[in-house]
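Residue-level structural notes
Read off the chains here:
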Amino acid sequence: MVERIDKDNYYLDICETILERGTCLRRNFAAIIVKNDEIISTGYTGAPRGRKNCTDLNFCRREEMNVPRGTRYELCRSVHAEQNAIISARRSDMIGSTLYLVGRESKTGEYVYNAEPCALCKRFIINSGIEKVIIRDDKKKNRSILVKEWIDKDDSLEGDGSY
């Protein structure tokens, strides 16, 4: 009998393919929103529609300025994967759903260490009605976060160095 991949890794593997569309020169992420075992929406890191991506310009302002991870997002051209997935879905479809998230460093291809949505993405996720976030730490390890934990710990929505 053939051993089947579990559902979490199935969706996280799909994220891995989606993040290949990302255009960030630092790190690329992909997000999938799933409800009742149906993909509602997907998103990846990239500039807003119609604007040039960092890969088109061949530079990253945050990289050039050596901006630490999790800070100065106003300098970034990209919309985060979670945001792109959320704006592509109806809120009624997202209520009670799960968001899957995978990130890789652009230069090395390694998984982003201790990845987590940034403070702004957490706010988007809370308002969208998403119930759970599952993040791939590596091919053998995933983390599951209940969004209610972010609501209960209100201070975690401030700048936290994530992403």
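Since we're looking at a predicted model, the values are computed, not measured. (Residues numbered from 1 in each chain as written. Predicted model: local features only at pLDDT ≥ 70, side-chain atom pairs only at ≥ 80, totals over all residues. Heavy atoms only, no water.)

With that settled, the discussion passes to the pattern of salt bridges. A full pass over the atoms with the stated rule returns 15 salt bridges. Ionic pairing is found between Arg104 and Glu16, a salt bridge with its closest N-O pair at 2.7 Å. Taken together, the residues span a long stretch of sequence, with Arg104 in strand S3 (residues 98-105) and Glu16 in helix H1 (residues 7-18) at a distance of 88 residues. Judged by its relative accessible area of 12%, Glu16 is buried. The salt bridge involving Arg143 is made with Glu116; its shortest N-O contact spans 4.0 Å. In this pair, Arg143 sits in strand S5 (residues 141-146) while Glu116 sits in the loop between S3 and helix H6 (119-128), placing the two residues 27 residues apart along the sequence. Here Arg143 matches Glu116 in class, with each residue buried. In the salt-bridge network here, residues are joined through shared partners; they are Asp13, Glu16, Arg104, Arg136 and Lys139. (Salt bridge = Lys/Arg side-chain N within 4 Å of Asp/Glu carboxyl O. Helix = DSSP H or I, 4+ residues; strand = E, 2+ residues; numbered from the N terminus. Buried < 20%, exposed > 50% of the residue type's maximum accessible area, 1.4 Å probe, protein only.)

Within the largest apolar cluster, 19 residues are counted, with the highest numbers of intra-cluster contacts made by Ile33, Leu99, Ile125, Ile130 and Val133. For this core, the elements supplying multiple residues, two or more each, are strand S1 (27-35), helix H4 (81-87), S3, strand S4 (132-138) and helix H7 (147-152). Among residues more than four places away in sequence, those in contact with Leu99 are Ala31, Ile32, Ile33, Glu82, Ile125, Ile130, Lys132, Val133 and Ile134. By size, the runner-up hydrophobic cluster in this structure holds twelve residues, among which are Leu12, Leu19, Val34 and Ile134. (Core = buried A, V, L, I, M, F, W, Y, C linked by side-chain atoms within 4.5 Å. Contact = heavy atoms within 4.5 Å.)

The residue Thr45 is located in the loop between strand S2 (38-44) and helix H2 (54-57) in this model. On the basis of relative accessible area, Thr45 is assigned to the buried category, the value being 2%. Of note is the side chain of Thr45, whose polar atom sits 3.2 Å from the backbone nitrogen of Phe29. (Polar contact = N/O pair within 3.5 Å; in protein donor to acceptor, adjacent residues only side chain to side chain.)

To continue, consider the pairing of S4. Of all seven residues in S4, five are buried; the element is thus mostly enclosed. Taken together, the four bridges between S3 and S4 define a ladder with parallel strand orientation. Looking across to S4, one finds that Leu99 is bridged to Val133. Note on the crossover from S3 through H6 to S4: the handedness is right-handed. Here S4 pairs with S5 via six bridges, running antiparallel. Of the residues in S5, the one forming a bridge with Arg136 is Asn142. What sits between S4 and S5 in their antiparallel hairpin is a turn of two residues. (Pairing = 2+ DSSP bridges. Right-handed = clockwise from strand over helix to strand, strands pointing away.)

Under the feature "domain: CMP/dCMP-type deaminase" (unreviewed entry), the UniProt entry names residues 6-149. With 31% helix and 26% strand, residues 6-149 has its two end C-alpha atoms placed 25 Å apart. (UniProt positions renumbered as here; feature names shortened; annotations may be inferred.)

Moving on, we get to the UniProt feature "binding site: Zn(2+)" (unreviewed entry) in the protein chain. Following the UniProt record, one finds the feature "binding site: Zn(2+)" (unreviewed entry) at His80, Cys118 and Cys121. In summary, the annotated positions, though distributed over 42 residues, converge in three dimensions, the widest C-alpha pair being only 9.0 Å. Mapping His80 onto the fold places it in the loop between helix H3 (61-64) and H4.

Moving on to unusual backbone geometry. Of note in the backbone geometry, Asn36 takes a positive phi value of approximately 50 degrees without being a glycine. Residue placement: Asn36 occurs in the loop between S1 and S2. Its identity as a non-glycine residue notwithstanding, Asn58 has a phi of 65 degrees, on the positive side. Along the chain, Asn58 falls in the loop between H2 and H3. Residue Asn58 is classed as exposed on the basis of its relative accessible area of 65%.

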